[in-house]
Amino acid sequence: MTDFVLARPGKSRRPDLLAYAALSLISAFCAVPFFWVLLASLDGNAQLFLSWPREWTLNNYVRVFAEEDGARWVFNSLFVVGSATLLVMVLAGLGGYALSRTRAWWKQPFLYAILLIRVLPPTALVVPLYKILLTLNNIEGNLVRIFFGGDTARAIMRWIGFIDGYLGLILVLATMQLPLALWIMKTFFDGLPRDYEEAAVMDGATMLQRIRRVLIPLALPGLAAAGLFAFISAWGDFLLPLILLSSPELQTLPLGLFRAFLRVNTIDYGFLAALAFIYLMPAVIAFGFARRFLVQTFSGGVKG
Amino acid sequence: MINLRNVRKFYGALEVIKGVDITVEDGEFAVFVGPSGCGKSTLLRMIAGLEGIDDGDLILNGKRINDVPPDKRGIAMVFQSYALYPHMTVAENIGFSLSLKKVPIAEINRQVGEVAEILQLTDYLDRRPAALSGGQRQRVAIGRAIIKKPSLILFDEPLSNLDSALRVQMRAELQRLHRELKATVVYVTHDQVEAMTMADRIVVLNKGIVAQSGHPMDLYHSPDNEFVATFIGSPKMNILPVMLSRPEAGKLRLENAMGLSISLADGDASVATGEAKLGIRPEHLKVSQDGQGDFSAEVVIVERLGVETYLAVGSPKDPIVVRAEGDLSIRPGDRVSLTVDLSACHLFDSNGRVIRRPQTL
Ligand SMILES: Nc1ncnc2c1ncn2[C@@H]1O[C@H](COP(=O)(O)OP(=O)(O)O)[C@@H](O)[C@H]1O
Ligand SMILES: [Mg+2]
């Protein structure tokens, strides 16, 4: 912008104003839904159409947690998506490094093949995926039941089951997010000179020291970007939890939102808006945290 | 003292280092020089231990270190990119190797302080590398090497990231450091000027073999082959294709297509007749405008620098370069006659091996 202004001092105001006007319009367009949801969630008598609340109240939020299982849904969502993100970051960090450094012939075919996971619509894969997970789940369930009693086994399977258990959903969510994360990390490591590691080798760093004190700090911007994308995308996923979870204790936020919407009697817009706003927050917060790293990653990475 | 004996390196079937013998004495500043891709970095990385050695011996201070891990060799390396960790301060970068060894913090700080003193980095210890100038980063990279008190320091093209003014300054700086630290240095560059100005010993590499090794002036005055002759010295030595004949016993006749025809004493008659190459540096061709020279040629390019004048004569594609003192008022298209200073000429056989050195011609 400054160059532009300096180059043509006489004409600078009009294009500037136009640009700002256009940007403001676009921002407003993006912000309106958030604003709408926020307003409706604070309205004691929210309707389908947006209106200025006549009575302000936090009652909708209170009901999410007091009358419904809101806290449980938030925990489930955070736990499942957080674990999947963590898994993606670890695997993408290690795998991206290997893919960047290897000279193996299968490198390019592999990189394009994993993108397929991302390209195919998950809906099309649901049936075979469910079938595989169900088979695994049954085998696992039988094994667990051999070692523990029926009740304990059920409690354990809630955590490590492939169907209607945290583990299955975490693994599937991570799988969906891994390809993009691998690409991000591979590209990131491509831009990181080998000299860094070799200098550490010359200084006598062991493999673990090299990873902990050199590679991880250097890769942090890339990992943050990969983790951010994985988190936001997995957080927004609705189909997979819908299919893989059935127990009420395992419901996640989008499922809670969906089921509240389907209730038989009248639709409670205030309650839905409050739930929706709670659902929005983590993604917005995650973006706020990772923005700094994102800019670094996509504007040339680390310069030494 | 470091010794390389018949050292080889293969990448797959490709042999990149083809049996190299090099000795560098204690305290020497040795420069490996050669065109890009000749294997300089590979050789340096083999000495450092970052690449394996496929054949031959690497001997440091009398001990074979082929299989010693890099950090146990007592060798430090300064990388071309410097490889300073952006997430650490200057002090942390310099002290990194000590902190890996769990040296107490106070001791690390003391040693970092000492090194910073030598390198004039004391005021920058708390900065990140991103906040330093090119020359300062270079010094941090050197600091990280010398804090290990290595018996050998390796440099891989350390000045190639700097602009030319800073490069001249850092050349002097590196030489000062070398004198102060009395360290043994192996320095890799593709720039023969860097090699000539800094080296106690130059090793010229060409396609994975040592073309010649020795004191810079020995290489300049007495190259073993055409490659070294043309690589060392700027502007480079002219190579004129000539025919050698022996019109009578004890006489060697040397002729070329431009009308050059000189007679030499043949000595022991060991030189084969036929095609050969005459090497003449630009300063050993004298311009005479009276037509009395050894041969004459048309001038294609004139570069007048005031104190000296460079002429390119002969064919425009492959001209002969002549350096003349002072400012000559010769223009392109003029014909000049040239005298060859026979006492400074080199004679190479058709394979480029030297067959007559200056003074013996
Ligand atoms: N890891 C490698 N795999 C295969 N060939 C290599 C590898 N590293 C270097 N080479 C080849 O070895 C030769 C020497 O390389 P290098 O030592 O980097 O040259 P220099 O430093 O003199 O420019 C080059 O032809 C290069 O292509
Ligand atoms: Mg190199």
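Reading guide: rules and limits
- Residues numbered from 1 in each chain as written.
- Chains lettered and ligands numbered in written order.
- Predicted model: local features only at pLDDT ≥ 70, side-chain atom pairs only at ≥ 80, totals over all residues.
- Heavy atoms only, no water.
- Helix = DSSP H or I, 4+ residues; strand = E, 2+ residues; numbered from the N terminus.
- Buried < 20%, exposed > 50% of the residue type's maximum accessible area, 1.4 Å probe, protein only.
- Contact = heavy atoms within 4.5 Å.
- Areas by Shrake-Rupley, 256 points an atom, 1.4 Å probe, with all protein chains shown as cover.
- Domains from an automatic or database assignment.
- Buried area = accessible area lost by both parts, 1.4 Å probe.
- Salt bridge = Lys/Arg side-chain N within 4 Å of Asp/Glu carboxyl O.
- Polar contact = N/O pair within 3.5 Å; in protein donor to acceptor, adjacent residues only side chain to side chain.
- Nonpolar A, V, L, I, M, F, W, Y, C, P; charged D, E, K, R; others polar.
- Pairing = 2+ DSSP bridges.
- Axes fitted to C-alpha atoms, helices over the stretch in contact; angles between N-to-C directions.
- Near = heavy atom within 4 Å.
- Expected span 1.5 Å × (residues − 1).
- Bend = angle between axes of the 7 residues up to and from the residue.
- Parallel < 35°, antiparallel > 145°, perpendicular 65-115°, else oblique.
- Left-handed = near helix turned anticlockwise from the far one by under 90°.
- Phe/Tyr/Trp six-rings, centres within 6.5 Å; stacked < 30°, edge-to-face > 60°.
- Lys NZ or Arg CZ within 6 Å of the ring centre and 35° of its normal.

Regarding the overall build of chain B
So, step 1. If you tally the helices and strands in chain B, you get 8 helices and 21 strands.
So, step 2. Seen along its three principal axes, the alpha-carbon backbone of chain B occupies a region of about 80 × 45 × 35 Å.
So, step 3. Within chain B, the fraction of its 361 residues that count as buried is 50%.
So, step 4. Partitioning the contacts of chain B with sequence separation of at least 6, the portion at a separation of at least 24 is 63%.
So, step 5. Element-wise, carbon and sulfur atoms account for 49% of the exposed surface of chain B, whose accessible area totals about 16,300 Å².

Looking at the domain arrangement of chain B
Residues and elements named next belong to chain B.
So, step 1. Segmentation of chain B into domains returns domain 1 (2–231) and domain 2 (238–349).
So, step 2. When each unit is reduced to the centre of its C-alpha atoms, the spacing between domain 1 and domain 2 is 40 Å.
So, step 3. Listed per partner, the contact involves 7 residues of domain 1 and 6 residues of domain 2.
So, step 4. Together domain 1 and domain 2 conceal approximately 610 Å² of surface at their shared face, both sides included; 53% is due to carbon and sulfur atoms.
So, step 5. When the area that domain 1 buries against domain 2 is broken down by residue, the three leading residues are Tyr-220, Glu-226 and Ala-229, summing to 72%.
So, step 6. Taken together, the connections running from domain 1 to domain 2 amount to 1 salt bridge.
So, step 7. Here Glu-226 ties to Lys-277 by a salt bridge, and the two come within 2.9 Å at their closest N and O atoms.
So, step 8. Where domain 1 packs against domain 2, one counts 3 residue pairs in polar contact (both at pLDDT 80 or more).
So, step 9. Sorting the residues of the side of domain 1 that touches domain 2 by element identifies helix 7 (216–221) and helix 8 (226–231) as the ones contributing at least two each.
So, step 10. Ranked by residues supplied to the side of domain 1 that touches domain 2, first place goes to helix 8 with 3 residues.
So, step 11. For the side of domain 1 that touches domain 2, a count of residues per class yields 3 nonpolar, 3 polar and 1 charged.

A look at the sheet that holds strand 18 (residues 320–325) of chain B
The strands that make up a sheet pair up through hydrogen bonds in the backbone, lying either parallel or antiparallel.
Residue and element names in this part refer to chain B.
So, step 1. Sheet architecture is open: 5 strands sit in the order 15-19-16-17-18, paired in antiparallel fashion. Sheet topology places strand 15 (285–288) and strand 18 at the edges, where each strand pairs with a single neighbour. Between one strand axis and the next, the sheet turns through 50 degrees on average, direction left out of account.
So, step 2. Here strand 17 (residues 308–313) runs beside strand 18; their pairing, made up of 6 bridges, is antiparallel. By the bridge assignment, Val-313 is partnered in strand 18 with Ile-320.

Some points on the site of ligand 1
So, step 1. Near ligand 1, the surroundings consist of Arg-103 of chain A together with Tyr-11, Val-16, Ser-36, Gly-37, Cys-38, Gly-39, Lys-40, Ser-41 and Thr-42 of chain B.
So, step 2. Gly-37 of chain B has a polar backbone atom sitting 2.7 Å from an oxygen atom of ligand 1.
So, step 3. Ser-41 of chain B has a polar side-chain atom sitting 2.6 Å from an oxygen atom of ligand 1.
So, step 4. Coverage of ligand 1 by the protein chains reaches 64% of its 560 Å² of free accessible surface.
So, step 5. Per-class residue counts for the shell around ligand 1 are 3 nonpolar, 5 polar and 2 charged.

Points about helix 6 (residues 122–147) of chain A
Quick reminder: α-helices carry 3.6 residues per turn. Residues three or four places apart thus point the same way.
Residues and elements named next belong to chain A.
So, step 1. The terminal C-alpha atoms of helix 6, which comprises 26 residues, lie 35 Å apart, in line with the 38 Å expected from a rise of 1.5 Å per residue.
So, step 2. Along helix 6, the helix axis deviates most sharply at Pro-128, where the bend reaches about 35 degrees.
So, step 3. For helix 6, the set of buried residues is Val-126, Leu-133, Asn-137, Glu-140, Gly-141 and Val-144.

Description of the sheet that holds strand 5 (residues 63–64) of chain B
Residue and element names in this part refer to chain B.
So, step 1. A sheet is described by the order of its strands in space; here 4 strands give the open sequence 2-1-4-5, paired in antiparallel fashion. Strands at the two margins of the open sheet, each flanked by one partner only, are strand 2 (14–24) and strand 5.
So, step 2. Across the sheet, helix 1 (residues 40–48) lies against strand 1 (2–11), strand 2 and strand 4 (55–60), angled at about 115 degrees from strand 1, the strand it touches most.

Notes on the side chain of Gln-209 of chain A
So, step 1. Its place among the elements puts Gln-209 of chain A in helix 10 (residues 207–235).
So, step 2. Among the residues examined, Gln-209 of chain A registers a relative accessible area of 13% and is labelled buried.
So, step 3. Discounting residues that sit within four places of it in the chain, Gln-209 of chain A has contacts with Gly-204 and Val-214 of chain A together with Leu-100 and Lys-102 of chain B.

Looking at the packing of helix 4 (residues 134–146) of chain B against helix 5 (residues 164–181) of chain B
Residue and element names in this part refer to chain B.
So, step 1. For the pair helix 4 and helix 5, the least separation of the axes is 11 Å and the interaxial angle reads 25 degrees. When the axis of helix 4 is compared with that of helix 5, the two are roughly parallel. The element helix 4 and its partner helix 5 pack so that their crossing is right-handed. Residues Gly-134, Gly-135, Gln-138, Arg-139, Ile-142 and Ile-146 of helix 4 lie in contact with helix 5, whose contacting residues are Leu-166, Met-170, Glu-173, Leu-174, Leu-177 and Leu-181.
So, step 2. Here the contact of helix 4 with helix 5 is built from residues that sort into 7 nonpolar, 3 polar and 2 charged.

Focus on the interface of chain B and chain A
So, step 1. Facing 25 residues of chain B, the contacting portion of chain A comprises 18 residues.
So, step 2. For the pair chain B and chain A, the number of links is 2 salt bridges.
So, step 3. A salt bridge links Glu-198 of chain A to Arg-45 of chain B, with the shortest nitrogen-to-oxygen separation between them at 2.6 Å.
So, step 4. Applying the counting rule to chain B against chain A returns 8 residue pairs in polar contact (both at pLDDT 80 or more).
So, step 5. Elements represented by at least two residues in the side of chain B that touches chain A include exactly helix 1, strand 6 (75–78), helix 2 (90–100) and helix 4 of chain B.
So, step 6. The element that contributes the greatest number of residues to the side of chain B that touches chain A is helix 2 of chain B, accounting for 4 residues.
So, step 7. Of the residues assigned to the side of chain B that touches chain A, the class counts are 14 nonpolar, 5 polar and 6 charged.

A look at the pattern of salt bridges
So, step 1. Counted by the stated rule, this structure contains 26 salt bridges over all chains.
So, step 2. Here Glu-107 of chain B makes a salt bridge to Arg-110 of chain B, at a shortest N to O gap of 3.0 Å. Taken together, the residues Glu-107 of chain B and Arg-110 of chain B, both in helix 3 (residues 105–119) and 3 residues apart, mark about one turn of the helix.
So, step 3. Judged by its relative accessible area of 28%, Glu-107 of chain B falls in the partly exposed class.
So, step 4. Arg-110 of chain B gets classed as partly exposed once you look at its relative accessible area, which sits at 43%.
So, step 5. Taken together, the shared-partner salt bridges in this structure form one network comprising Glu-198 of chain A together with Lys-9, Arg-45 and Glu-51 of chain B.

A short note on unusual backbone geometry
Residues and elements named next belong to chain B.
So, step 1. In the segment running from Ser-234 into Pro-235, the intervening peptide bond is cis, with an omega of -5 degrees.
So, step 2. Note that Pro-235 resides in the loop between helix 8 and strand 11 (238–245).
So, step 3. Phi is positive for Glu-157, close to 40 degrees, though the residue is something other than glycine.
So, step 4. Judged by relative accessible area, Glu-157 falls into the buried class, the value being 12%.

Brief notes about the packing of aromatic side chains
So, step 1. In total, this model carries 16 aromatic pairs over all chains according to the counting rule given.
So, step 2. The interplanar angle of 75 degrees and the centroid separation of 5.0 Å between the aromatic rings of Phe-79 of chain A and Tyr-166 of chain A together place this pair among those described as edge-to-face. With Phe-79 of chain A in helix 4 (residues 70–101) and Tyr-166 of chain A in helix 8 (residues 166–190), the pair connects residues that are 87 residues apart, well separated along the chain.
So, step 3. Tyr-166 of chain A gets classed as buried once you look at its relative accessible area, which sits at 4%.
So, step 4. Counting every residue linked through ring pairs, the aromatic cluster contains Phe-75, Phe-79, Trp-159 and Tyr-166 of chain A.
So, step 5. Taking NZ or CZ as reference, Arg-144 of chain B lies 5.1 Å from the ring centre of Tyr-85 of chain B, over its face.

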